Amino acid sequence: MYIFCDGPKPGASEEQLALVAETRRIVRSRQWCREVIIEEAQQNKGLANSIIYGVTKIVNQFGRIIVLEDDLVVAPHFLAYMNEALVKYEADEKMLAIHGYIYPIQIPADYPHDTLTIHDPGCWGWGTWARAWSKFEPDSAKLIQQIKDRGLRPEFDFWGGYPFFRMLHQQQQGKVSSWAIRWRAAAYLHDMLTLYPTKSLVRHDGNVPSATHHYTVHDYTYTELYPGVIPVKDIPVVNNLEIEKRFGVFLRKNAGMTIREKVRDKLIKIWRKIAGNA
């Protein structure tokens, strides 16, 4: 197990420095597996640079990687699923990644398999190979132009489900720090797929007010962990357009992108501001 601990931001307060120290104490508090290698950054890299650095280092050394961030909880059979799938699809040039989390969507009742493939690579509990990570392009401007030239924006935005293309622009402008939006671009530009389980083996526990990158009043991403085994069997390695579009519908309804959701979130923010000043 390789653990990458980011460093404090410039001008960090004593309270923030204490939190960094506490995190590192927890990291060293147990022998999490047979061999644990810890790398502590002296200065803050930020989310995107930390992930890109760590993934690149590990895939270059070992040829593949399983990636978990610190606000994820995994099911008992997560690692078995990930390792089995990484072996099965290692040489399949159509495959970009393996993912352990799935949104709480309704899978079609007649869908016969335990896994599925779509373009969206996700970012909550995933794995990939050096051959696939080599497709990662850090230059957002290049990605924006390529998506425009090839007319991929509708698919990239989940057909109006979520403004991922706008997020890519925000990455270019330095308004967000996202490796995942550029990884998503790699999937669509290279027409590559990610394997998903039909039941989630990962739960995201980072939806808290102190979160830097993800917080909503209603945690629409919450899933119960599936306790059973997800078998990795032969399935058609093609984009499951029906289920991918269900991802888009789910995000459109829940991620605050409809007018109703935007108005609701705005009213909640106003109420909190008034309550805080009372």
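Residues numbered from 1 in each chain as written. Predicted model: local features only at pLDDT ≥ 70, side-chain atom pairs only at ≥ 80, totals over all residues. Heavy atoms only, no water.

Caption draft 1: Representation of the packing of helix α7 (residues 164-172) against helix α8 (residues 180-189). The geometry of α7 relative to α8 is characterised by a closest axis approach of 9 Å and an angle of 125 degrees between their N-to-C directions. Viewed along their axes, α7 and α8 adopt a mutual orientation that is oblique. In this structure, α7 meets α8 at a crossing whose hand is left-handed. Contacts between α7 and α8 pair Phe164, Met167, Leu168 and Gln171 from the former with Ile181, Arg182 and Arg184 from the latter. Here the residues of the contact of α7 with α8 sort into four nonpolar, one polar and two charged. (Axes fitted to C-alpha atoms, helices over the stretch in contact; angles between N-to-C directions. Helix = DSSP H or I, 4+ residues; strand = E, 2+ residues; numbered from the N terminus. Parallel < 35°, antiparallel > 145°, perpendicular 65-115°, else oblique. Left-handed = near helix turned anticlockwise from the far one by under 90°. Contact = heavy atoms within 4.5 Å. Nonpolar A, V, L, I, M, F, W, Y, C, P; charged D, E, K, R; others polar.)

Caption draft 2: Spotlight on the packing of aromatic side chains. Under the defined criterion, the tally for this structure stands at 20 aromatic pairs. Relative to phenylalanine 247, the ring of phenylalanine 158 lies with its centre 6.2 Å away and its plane at 75 degrees, an arrangement referred to as edge-to-face. Here phenylalanine 158, found in the loop between α6 (153-156) and α7, pairs with phenylalanine 247, found in helix α9 (residues 241-254); they are 89 residues apart in sequence, far enough to count as distant. Taken as a pair, phenylalanine 158 and phenylalanine 247 share a single burial class, namely buried. Taking NZ or CZ as reference, arginine 131 lies 4.5 Å from the ring centre of tryptophan 129, over its face. Directly above the ring of tyrosine 226 sits lysine 199, whose terminal nitrogen or CZ lies 5.3 Å from the centroid. (Phe/Tyr/Trp six-rings, centres within 6.5 Å; stacked < 30°, edge-to-face > 60°. Buried < 20%, exposed > 50% of the residue type's maximum accessible area, 1.4 Å probe, protein only. Lys NZ or Arg CZ within 6 Å of the ring centre and 35° of its normal.)

Caption draft 3: Up close: the sheet that holds strand β5 (residues 95-99). The mixed open sheet is built from five strands, whose spatial order is β3-β7-β5-β8-β6. This sheet does not close on itself; its edge strands, each paired only once, are β3 (64-67) and β6 (115-118). Sheet twist, expressed as the mean angle between neighbouring strand axes with direction ignored, is 25 degrees. Direction of pairing for β6 relative to strand β8 (residues 193-197): antiparallel, over a ladder of four bridges. Bridged to threonine 117 within β8 is leucine 195. Running over the sheet, helix α2 (residues 47-62) touches β3 and β7 (126-129) and is turned about 145 degrees from β3. Contacting β3, β5, β6, β7 and β8, helix α3 (residues 78-88) crosses the sheet at an angle of about 150 degrees to β3. (Pairing = 2+ DSSP bridges.)

Caption draft 4: Region of the structure containing the nonpolar core. By size, the foremost hydrophobic cluster in this structure holds 67 residues, and its most contacted members are Tyr89, Ile98, Phe156, Trp183, Leu195 and Phe247. Examining the composition of this core, we find that eight residues originate from one element, α8, more than from any other. Not counting residues within four places of it along the chain, the set of residues in contact with phenylalanine 156 comprises Ile147, Phe164, Phe165, Leu168, Ile181, Arg184, Ala185 and Tyr188. (Core = buried A, V, L, I, M, F, W, Y, C linked by side-chain atoms within 4.5 Å.)

Caption draft 5: How the structure looks around a nonpolar patch on the surface. On the surface, Tyr2, Phe4, Tyr53 and Phe62 cluster together into a nonpolar patch covering about 360 Å² of accessible area. Structurally, phenylalanine 4 can be placed in strand β1 (residues 2-5). According to the relative accessible area criterion, phenylalanine 4 is partly exposed, its value standing at 32%. (Patch = residues over 30% accessible without salt bridge, like charges linked within 9 Å, V, L, I, M, F, W, Y side chains within 5 Å. Areas by Shrake-Rupley, 256 points an atom, 1.4 Å probe, with all protein chains shown as cover. Salt bridge = Lys/Arg side-chain N within 4 Å of Asp/Glu carboxyl O.)

Caption draft 6: Representation of the packing of helix α5 (residues 140-149) against α8 within the structure. The N-to-C vectors of α5 and α8 enclose an angle of 35 degrees; their axes lie 11 Å apart at closest approach. Of the two elements, α5 crosses α8, and the hand of that crossing is left-handed. Residue-level inspection shows Ser140, Leu143, Gln146 and Ile147 of α5 in contact with α8, the latter providing Arg182, Ala185 and Leu189. Residue composition of the contact of α5 with α8, grouped by class: four nonpolar, two polar and one charged.

Caption draft 7: Representation of the pattern of salt bridges in the model. Counting across every chain of the model gives eleven salt bridges. For arginine 25, the salt bridge is made with glutamate 22, and the minimal N-O distance between the two is 3.0 Å. On the criterion of helical spacing, the pair formed by arginine 25 and glutamate 22 is a turn pair, its members being three residues apart in helix α1 (residues 14-27). Overall, glutamate 22 belongs to the partly exposed group, its relative accessible area being 34%. The residue glutamate 90 makes a salt bridge to arginine 64 at a minimum N-O spacing of 3.7 Å. Pair noted here: glutamate 90 is in the loop between α3 and β5 and arginine 64 is in strand β3, with a separation of 26 residues, a long-range link. Residue class for arginine 64 comes out partly exposed when judged on its relative accessible area of 30%. When salt bridges that share partners are traced, they join Arg24, Arg28 and Glu40 into one network.

So, to be careful, I would describe these as geometric facts and stop short of saying anything about function.
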